[in-house]
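Descriptive analysis of the structure
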Amino acid sequence: MAAGNAPTRPVPLREVAHWDLEADVVIVGYGSAGASAAIEAAAAGASVLILEVASGSGGTSAMAGGDIYLGGGGGTPAQRRAGFEDRTEDFQRYMMLAGGPDADAERVRLYADSALDHFRWLTEQGIPYRDTYLPGKRMAPGTGDCLIWSGSEDAWPFNVEARPCPRGHLPEVVGEMGGRVLVETLARRAEALGARPYFDARASALVADEAGAVHGVAAQIDGEWRRVRARGGVILCAGGFVLNADMLRRYAPQVARLADDPLSAGYDDGSGIRMAQGVGAAAIHMDELFTTLPFYPPESHVKGILVNERGQRFINEDAYPGRVAIHCLRQVGDRIYLLVDDAIFEQPTELSRIEIAAVGGSWEEIERELGMVEGTLVSTVAVHNRHAARGEDPLFHKTAKWLKSLDEPPFAALACHIGQAYYPFFTLGGLHTRPTGEVLGVDDAVIAGLYAAGRTACGLPRSAEGYSSGMSLGDCTFFGRLAGRSAAGAAPGG
Ligand SMILES: Cc1cc2nc3c(=O)[nH]c(=O)nc-3n(C[C@H](O)[C@H](O)[C@H](O)COP(=O)(O)OP(=O)(O)OC[C@H]3O[C@@H](n4cnc5c(N)ncnc54)[C@H](O)[C@@H]3O)c2cc1C
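Residues numbered from 1 in each chain as written. Predicted model: local features only at pLDDT ≥ 70, side-chain atom pairs only at ≥ 80, totals over all residues. Heavy atoms only, no water.

**With respect to the site of the ligand**
Inspection of the region around the ligand gives 37 residues, with Glu-52, Thr-60, Ser-61, Ser-472 and Leu-473 positioned closest. Between the ligand and the protein, one listed contact pairs a nitrogen atom with a backbone N or O atom of Val-53 at 3.1 Å. Contacts to the ligand include Gly-59, whose backbone N or O atom sits 3.4 Å from an oxygen atom. Here the ligand, which alone exposes 1000 Å², has 92% of that area covered by the protein. Those elements that place two or more of their residues in the shell around the ligand are helix H1 (32–43), strand E9 (201–208) and helix H12 (471–490). (Near = heavy atom within 4 Å. Polar contact = N/O pair within 3.5 Å; in protein donor to acceptor, adjacent residues only side chain to side chain. Areas by Shrake-Rupley, 256 points an atom, 1.4 Å probe, with all protein chains shown as cover. Helix = DSSP H or I, 4+ residues; strand = E, 2+ residues; numbered from the N terminus.)

**Looking at the sheet that holds strand E14 (residues 305–307)**
Across the sheet, four strands lie side by side as E14-E15-E17-E16; this open sheet has antiparallel pairing. On the outer flanks of this sheet lie E14 and strand E16 (355–360), each paired with one strand and no other. Strand-to-strand, the axes of this sheet are offset by a mean angle of 25°, without reference to chain direction. For strand E15 (residues 337–340) and strand E17 (residues 411–415), the ladder comprises four bridges, and the chain directions are antiparallel. Pairing of Leu-339 across the sheet is with Ala-413, part of E17. Sheet strands in contact with helix H11 (residues 376–388) are E14 and E15, and its direction is about 150° off that of E14. (Pairing = 2+ DSSP bridges. Axes fitted to C-alpha atoms, helices over the stretch in contact; angles between N-to-C directions. Contact = heavy atoms within 4.5 Å.)

**Side note on the domain arrangement of the protein**
On domain assignment, one finds that the protein holds domain 1 (11–64 + 178–290 + 425–490), domain 2 (68–105 + 116–169) and domain 3 (293–415). Contact with domain 2, which involves 13 residues of that partner, is made by 16 residues of domain 3. Summed over both sides, the interface between domain 2 and domain 3 buries roughly 1200 Å², with carbon and sulfur atoms accounting for 59% of that surface. Applying the counting rule to domain 2 against domain 3 returns one salt bridge. In this structure, Asp-154 engages Lys-401 in a salt bridge whose closest nitrogen and oxygen atoms are separated by 3.2 Å. At the junction of domain 2 with domain 3, the criterion picks out five residue pairs in polar contact (both at pLDDT 80 or more). Those elements that provide at least two residues to the side of domain 2 that touches domain 3 are strand E5 (133–137) and helix H5 (158–161). Class assignment for the residues of the side of domain 2 that touches domain 3 results in five nonpolar, five polar and three charged. (Domains from an automatic or database assignment. Buried area = accessible area lost by both parts, 1.4 Å probe. Salt bridge = Lys/Arg side-chain N within 4 Å of Asp/Glu carboxyl O. Nonpolar A, V, L, I, M, F, W, Y, C, P; charged D, E, K, R; others polar.)

**A look at the packing of helix H3 (residues 88–98) against helix H4 (residues 105–125)**
Here H3 crosses H4 at 145°, and the two axes come no closer than 9 Å. Considering only the axes of H3 and H4, their crossing is right-handed. Listed contacts from H4 to Thr-88, Phe-91, Gln-92, Met-95 and Met-96 of H3 are Ala-105, Val-108, Arg-109, Tyr-111, Ala-112, Asp-113 and Ala-115. Broken down by class, the residue content of the contact of H3 with H4 amounts to eight nonpolar, two polar and two charged. (Left-handed = near helix turned anticlockwise from the far one by under 90°.)

**A word on the packing of H4 against H12**
At their nearest, the axes of H4 and H12 sit 10 Å apart, and the two run at 95° to each other. On the basis of their axis angle, the class for H4 and H12 is roughly perpendicular. For the pair H4 and H12, the contacting residues are Arg-107, Leu-110, Tyr-111, Ser-114, His-118 and Trp-121 in the first and Gly-474, Thr-477, Phe-478, Phe-479, Arg-481 and Leu-482 in the second. Counted by class, the contact of H4 with H12 contains six nonpolar, four polar and two charged residues. (Parallel < 35°, antiparallel > 145°, perpendicular 65-115°, else oblique.)

**Regarding the packing of aromatic side chains**
A full pass over the atoms with the stated rule returns 18 aromatic pairs. For the ring pair Phe-290 and Phe-426, a centre distance of 4.8 Å and an interplane angle of 35° mean the geometry is tilted. With Phe-290 in strand E13 (residues 289–291) and Phe-426 in strand E18 (residues 425–427), the pair connects residues that are 136 residues apart, well separated along the chain. When sorted by exposure, Phe-290 lands in the same class as Phe-426, which is buried. Aromatic pair Tyr-320 and Tyr-467: ring centres 6.5 Å apart, planes at 45°, arrangement tilted. On the criterion of sequence distance, the pair formed by Tyr-320 in the loop between E14 and helix H9 (321–329) and Tyr-467 in the loop between strand E21 (446–452) and H12 is long-range, its members being 147 residues apart. Tyr-467 matches Tyr-320 in its accessibility class, with the two residues each being buried. Put simply, the rings of Tyr-69, Phe-91, Tyr-94, Tyr-111, Phe-158, Phe-478 and Phe-479 touch in pairs and so form one group of aromatic residues. Against the face of Phe-479 rests Arg-107, its NZ or CZ located 5.2 Å from the ring centre. (Phe/Tyr/Trp six-rings, centres within 6.5 Å; stacked < 30°, edge-to-face > 60°. Buried < 20%, exposed > 50% of the residue type's maximum accessible area, 1.4 Å probe, protein only. Lys NZ or Arg CZ within 6 Å of the ring centre and 35° of its normal.)

**Some thoughts on the pattern of salt bridges**
Opposite charge on two side chains lets them pair, provided their charged atoms get close. The tally for this structure, following the rule as stated, stands at 36 salt bridges. Two residues, Arg-335 and Glu-309, come together in a salt bridge whose shortest N-O distance is 3.6 Å. One end of the pair, Arg-335, is in the loop between H9 and E15; the other, Glu-309, is in the loop between E14 and H9, and 26 residues separate them in sequence. For Arg-335, a relative accessible area of 32% corresponds to the partly exposed category.

**With respect to the layout of surface pockets**
One number sums up the size of the second largest pocket: a volume of about 260 Å³. Taken together, 17 residues line the second largest pocket, and the ones lying closest to its centre are Asp-287, Glu-288, Ile-326, Arg-330 and Ala-464. Of the residues in the lining of the second largest pocket, the class split is five nonpolar, five polar and seven charged. (1 Å grid on protein atoms, 1.4 Å probe; cavity = no way out; pocket = protein on both sides within 12 Å on 5 of 7 lines; lining within 4 Å. Points joined across faces, edges and corners; volume = space filled by probe spheres on them.)

**Section: the environment of Gln-92**
Looking at where Gln-92 falls in the secondary structure, it is placed in helix H3. Owing to a relative accessible area of 23%, Gln-92 belongs among the partly exposed residues under this scheme. Distance from Gln-92 to Gly-71, taken between C-alpha atoms, is 9.4 Å for residues 21 residues apart in sequence. Beyond its immediate sequence surroundings of up to four residues, Gln-92 is in contact with Val-108, Arg-109 and Ala-112.

Right, dumping it as structure tokens:
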């Protein structure tokens, strides 16, 4: 893991005797946010130069399933074909709730109003979509089908706030290569429009004048120091900070409870955030950490109940597993169990590292085996079973179709322990920006010449509890585009 959490001091403009390279727009990072920014800036007529520390485009985006969260406006072609009419107001309400107490209303409105256009734009760039729908609870199906339920839309409390609708859109790619196809397609398009990528090019500091305005970047390209001038602006699209141990300790210390499973292609070291902090940028929601607990597949396990080490339930298990995982982290103690009966038990996936902790012919036996206080687990199951048999969950409001009385022995407790089971994670906090991508300082004023998008910024997904799969790539591609347009517009003649 990378080290260092201090802001990176900028290179003073007065010390730059000459520029080695120049462009209207200079983009740091060539993942989905950087590629989307490059396309829009180049399409607006700007000259575009991309600095990428790796030897090719992709970043963490290329590891992703490629799920993009889209809807509203009556529905995308896949939503309509599957019989869902997704109203913009429902989409917007869901996104507001998902964004948590500091949801950015302006950003959400813009995204909800424009998501159909954004889907069209993605297809125009060449991303293939099949318009097919897969019902049920899925994680990265890898079948090439398009539409899936990828969040908590049909789970409490979201399902009472907004009419449920599936909104995860996957490219037509078999296997888990959706993210790679997404970025490669966007990168090809950016380069066809004239964007110039420099690989093995690590941006190290911004170049700023005495007033704090950004004029360029200092970078090491193929081992040589270069000063790169940005006439319109620098766009930081360098990913998050999930690989920076010092930043995690400072901002998101809860990560120490998890096993070492960061979701990153290798360069999420917070360099983009720290460079911007060096010119006075504000970073927000730095403690928000997406994590998830893949306790399904098998889908039948959604009918189980999760309990903490006191034998108490704490969440409706039909919520998105990312939301479930955050509630697991909120429990006292690291021991979390999924209780199942014979009718719903299937071997958990190897990936999940969920192991069988206890098996018994009665819940009393399981309780004893787990060393819980007598009566605690047994009464939790009894209360659950009594209501589930009537299709009700008055405590946590799980929807009826996932309710089942756990009364068919043998019974089992599956260990989903924090620090042991697979809780992969990445950071959601980042630079405070306007929807235009303009970076804001700690005084809330715009920093001239500086833009950010993707996980370097704190965008649409800013509350781990509300995260739905597809929100990060939706944010990266949509707000990456806006940042590209803004920086191009700020270039001379732009
Ligand atoms: C297995 C997996 C599956 C996922 N599935 C989904 C999904 O289906 N849907 C979804 O929405 N999200 C998904 N995510 C999350 C999502 O992939 C990321 O949040 C998103 O791709 C981040 O994109 P980005 O453009 O901000 O960063 P990246 O794609 O990581 O791009 C940043 C680029 O910047 C480069 N860089 C970093 N520092 C520097 C520097 N100093 N100088 C130059 N270059 C630099 C990096 O090398 C990288 O190429 C998944 C993640 C993983 C790992």
